[in-house]
Amino acid sequence: MNGNGASAPGLAAELRRAFDQSFADAPQTETRDVVEILSVQVSGEAYGLRLSQIRGLYPAGKIAPLRGPVPELLGLAALRSKIVPVYALGGLLGHPSRQTPQWLVFTGAGEECVALALDRLDAHIRVAVSDISTDAGPNPGRPHVRSAARVGERTLPLVDVPSVLEQIRREIGAHTSREE
């Protein structure tokens, strides 16, 4: 169950239907002024992921454990007919891993396809561009958070997925350099 009381498959089906419907609906002029966000829980903390930075969302299935150069590597999973590495997003954001992931976000392209593990999926939301604040640079206390979205009365930190992927690349590269 998720926080809304819906089952994972039911929520996934509803989000998939809403996502598909967004392409079926006639384009609206204000869509340029809207950012689509996936509201998620990572290590007990609320975060947002821009839909433009991810390629898919799947319930976490079997993850084959694997050790590697990046401590946050959980293992390998089959997504979209590919075997992809799965990383604990909580660890990459500076949190200790708290529980078994319930969801995987598929991201990257080509050889850099990876899955990021999440604790919980909360909602698919649309936020006006004017409700997104950005700061000048990274916050050492919150790596990979470069902006935040105002959602009702709360502020939702937005994870910069390309920054997360860059960290993974750097850590793998550093490990490869040490081996040579």
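Participant: How should the overall build of the chain be read in this particular structure?
Facilitator: Counting its regular elements, the chain contains three helices and 12 strands. In the chain, which comprises 180 residues, the proportion classed as buried is 39%. Across the chain, contacts joining residues at least 24 apart in sequence account for 60% of those joining residues at least 6 apart. Just so you have it, the chain exposes about 10100 Å², and 52% of that area is on carbon and sulfur atoms.

Participant: How do you make sense of the environment of Pro101 when you look at a structure like this?
Facilitator: Here Pro101 lies in the loop between helix 2 (89-92) and strand 7 (103-107). Between the C-alpha atoms of Pro101 and Leu74, which are 27 residues apart in sequence, the distance is 9.9 Å. Not counting the four nearest positions on each side in its chain, Pro101 is found in contact with Ala60, Ile63, Leu74, Ala117 and Leu118.

Participant: Looking at this structure, how should I read unusual backbone geometry?
Facilitator: Generally, phi is negative for residues other than glycine and the peptide bonds are trans, each holding for most cases. Of note, Ser43 is a non-glycine position whose phi angle comes to about 50°, a positive value. Tracing the sequence through the fold places Ser43 in the loop between strand 1 (34-42) and strand 2 (45-50). In this structure Ser43 comes out as buried when scored by relative accessible area, which is 8%. Phi angles above zero are rare outside glycine, and His144 is one such case at about 75°. Topologically, His144 is positioned in the loop between strand 10 (132-134) and strand 11 (145-151). Overall, the relative accessible area of 5% leaves His144 in the buried class.

Participant: Help me understand the pattern of salt bridges, please; the structure alone is not making it clear to me.
Facilitator: Oppositely charged side chains are able to pair whenever their charged atoms sit close together. For the structure on display, the rule yields four salt bridges. Note that Arg126 is salt-bridged to Glu36, the shortest N-O span being 3.7 Å. You can see Arg126 sitting in strand 9 (residues 120-128) and its partner Glu36 sitting in strand 1, a full 90 residues away along the chain. Taking relative accessible area as the criterion, Glu36 reaches 25% and is therefore assigned partly exposed. With its nearest N and O atoms 2.4 Å apart, the salt bridge here joins Glu166 to Arg169. Pair noted here: Glu166 and Arg169 are both in helix 3 (residues 161-179), with a separation of three residues, about one helical turn. Take Arg169: its relative accessible area is 33%, and that puts it in the partly exposed class. Three or more residues are tied together by salt bridges with common partners; here these are Glu112, Glu166 and Arg169.

Participant: Mind showing me how you'd approach the sheet that holds strand 9 here?
Facilitator: Hydrogen bonds between backbone groups are what pair the strands of a sheet, and the pairing can be parallel or antiparallel. Read across the sheet, six strands follow the order 9-1-2-12-11-10 without closing on themselves; strand pairing throughout is mixed. Of all the strands in the sheet, just strand 9 and strand 10 have a single pairing partner and so form its edges. Neighbour-to-neighbour, the strand axes of this sheet turn through a mean angle of 35°, independent of strand direction.

Parameters at a glance
Residues numbered from 1 in each chain as written. Predicted model: local features only at pLDDT ≥ 70, side-chain atom pairs only at ≥ 80, totals over all residues. Heavy atoms only, no water. Helix = DSSP H or I, 4+ residues; strand = E, 2+ residues; numbered from the N terminus. Buried < 20%, exposed > 50% of the residue type's maximum accessible area, 1.4 Å probe, protein only. Contact = heavy atoms within 4.5 Å. Areas by Shrake-Rupley, 256 points an atom, 1.4 Å probe, with all protein chains shown as cover. Salt bridge = Lys/Arg side-chain N within 4 Å of Asp/Glu carboxyl O. Pairing = 2+ DSSP bridges. Axes fitted to C-alpha atoms, helices over the stretch in contact; angles between N-to-C directions.

Nothing here speaks to function; it is geometry throughout.
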